[in-house]
Structures are given as structure tokens and as C-alpha cells.
Amino acid sequence: ARGELWGLREGDFSKARKRLEPKPLSIERTKGSEILFGIAPCALALSQSRRDLFRLFLKQSSGSRQLVTSEFVLQATARGVPVHHVKRRELDALCRGRVHQGVCLEATPLRFKSLEEAEKPNSGDEENPNRQLIWLVLEQIQDPMNLGALLRSAYFLGVDRVVTSQRNSCPLTPTVSKASSGAMEVFDIYSTDDLRSFLKAKTAEGWEVVGTVSKAEDAENVPVISCWEFRWNKPVILVIGSEGDGLSLETQLLCHRMLAIPPGRALHPGIESLNVSVATGILLHSICSQKLRHSD
């Protein structure tokens, strides 16, 4: 009997404690919206005119964070976006526990652009035969963290356009924007449902299509060279394959050459490759640094 009484009191105490705990504010989202999170994605989304913006949520703060908060308030006010100061747990709930740095922004999603839009020259740059062009093509990149890191590197290193395959590829989510440190908010990303035809068309226009491979023996009937040996002497498309399988055989056979990154030591089995975003950063730098040398 004493045990039953203790269990009852324990249960009552637990229920009372739950009733006293403050519940996170339930914020009803605008239909069709998503929640961006993090300082860089939210600040860049506010500074651009690529999304419809609904509400900015800022963590109630004092001290050193007040400067960041006041800058966001100024940005939001200039765009006519309502600002809500909320507690940390409300922000945690909005972005489902991700690292928001005290800032969330409710906005419409970003979509991929069509390749028809990509084919229209912006300012005559593509008509200039002396300009070195590099496009990055992503085949079935599914992990949002990898996609974000790829976009960040591509933007930083001067890639002219990024094109993804529509099938089995990650959409442009808030997680991708955060992983890209906001590069997704300022960089147009294109998509195609017919990657093979796209690569064939660019080859016919005089572009060099270059694939990527971890080891030379993984390539099928395509010459493999070290990325340090590659010379950039015509417009180039660098094609990156999926995280697990790499490039499909059909795409490999449309490449003129395959690039490999030489390792710096003898490698143990099982750790013979790099993360796809790290490998792409190395490959892009080995190509894009040639543009810097040519411009000296």
C-alpha cells in the first residue's frame, strides 16, 4: 500500500511539473512558406529580392547580440517585413532544433531555374571567346549538407553556373542554404531533367566535359589524369557524381576526360576517397587557379 501511495504521489508531482513548464509558442506558418535559419542565410535573403518574405523572428537578447539584432531590424523594416522578438525555445521549435544563431525568417522557397533561362547570355560574357568559363554539373547529389558545401565552394571559387540533375537530387532547402553559408541566396542554381542531352549539346558547342573519379581503375573507357595535369584552354564543365556511387556509366561515357586527386600517402582500405564536397573544392581550385594565373 505504501508503494502504491508513493507511486501515486510521484505521478501527481510529475503531472504538476509538466503543467508548470512553459510551453513553446505555437506559430502558425503562412501556407507554402518555409523557415530559413542562421545569420548568413537570413541576412542574404533579406538583402535580395528572390523570395517573398513574411516574418522575421529574432531571439530576445541583450549585450553583444544587440548590434546584430538591430541590423536585422533595420533590414527587415526596409523590406516591410514584420519583426517578432521571441524566446530561444520558440526559435528552436521553428527550425526543429537546428543551429539558428538567434535568427529565423519565414519566406517562400527558392526553386531551381530552367536551363532555357541559363542559355540566355547575361551581359555578353558568353559571346567573348577569350573568357574562361566553368560550369559545375551535379548528378544526383542527395545530401543537403554536401549540396550546400558544394554551392559555397562554387560561389567562392568563381564557378559561372551550377546545374543539377532533377532526378534523385536534393531540393534547395533551408538546410542547404545554411550549409552554403547563404551562397544559395545569391547564386542561381539550374536544373535539367535530361543531363545526357545537355552534356551532348555543350560538347557540340565546343565545351570540354570533364568527369571525376576516385581511382583510375573506376573509369570506364575514358582517359584519367591527375587534376594537377589538367590545362584549362576552353570552356569546361566539371561533372560531379553522387556521394556513394559517383558518376553513372552513361554520364562517364559523355566525358572527354576524368580527373582524379592524387593522395598524399598510401591509404588504408575503406578510407580511400574524399567527401564529395571536399573533393569538388580541390578540383575546382586546381582549375580556377589557372584563371587567376592567366589574368596576371
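Residues numbered from 1 in each chain as written. Predicted model: local features only at pLDDT ≥ 70, side-chain atom pairs only at ≥ 80, totals over all residues. Heavy atoms only, no water.

Looking up the protein in an unreviewed UniProt entry gives the name rRNA methyltransferase 1, mitochondrial, with the organism given as Pygoscelis adeliae. Note on the protein: under the UniProt heading Sequence similarities (unreviewed entry), the record states "Belongs to the class IV-like SAM-binding methyltransferase superfamily. RNA methyltransferase TrmH family." Of the protein, the UniProt comment under Subcellular location (unreviewed entry) reads exactly: "Mitochondrion". (UniProt positions renumbered as here; feature names shortened; annotations may be inferred.)

Enquirer: Could you give an account of the sheet that holds strand β11 (residues 236-240), with specific residues and numbers?
Expert: What the eight strands build is an open sheet, ordered β5-β8-β7-β6-β11-β9-β12-β10; its pairing is parallel. The outermost strands of the open sheet, each flanked by one partner alone, are β5 (113-114) and β10 (224-226). Summarising the sheet, β5 and strand β8 (residues 189-192) pair through two bridges and their orientation is parallel. Considered in β8, the bridge of S114 is made with S191. (Pairing = 2+ DSSP bridges. Helix = DSSP H or I, 4+ residues; strand = E, 2+ residues; numbered from the N terminus.)

Enquirer: Any details on helix α2 (residues 39-47)? Residues and values, ideally.
Expert: Restricting attention to buried positions, one finds in α2 the residues P41, C42, A45 and L46. End-on view of α2: buried residues confined to an arc of 125°, all on one side of the axis. (Buried < 20%, exposed > 50% of the residue type's maximum accessible area, 1.4 Å probe, protein only. Arc of directions from axis to C-beta.)

Enquirer: Account for the packing of aromatic side chains, with residues named and values stated.
Expert: The final tally for this structure, using the stated rule, is three aromatic pairs. Geometrically, the ring pair formed by Y155 and F187 is edge-to-face, given 5.6 Å between the ring centres and 65° between the ring planes. One end of the pair, Y155, is in helix α6 (residues 144-157); the other, F187, is in the loop between α7 (174-179) and β8, with 32 residues separating them in the sequence. One aromatic cluster is present, built from ring pairs that chain together W135, F198 and W207. (Phe/Tyr/Trp six-rings, centres within 6.5 Å; stacked < 30°, edge-to-face > 60°.)

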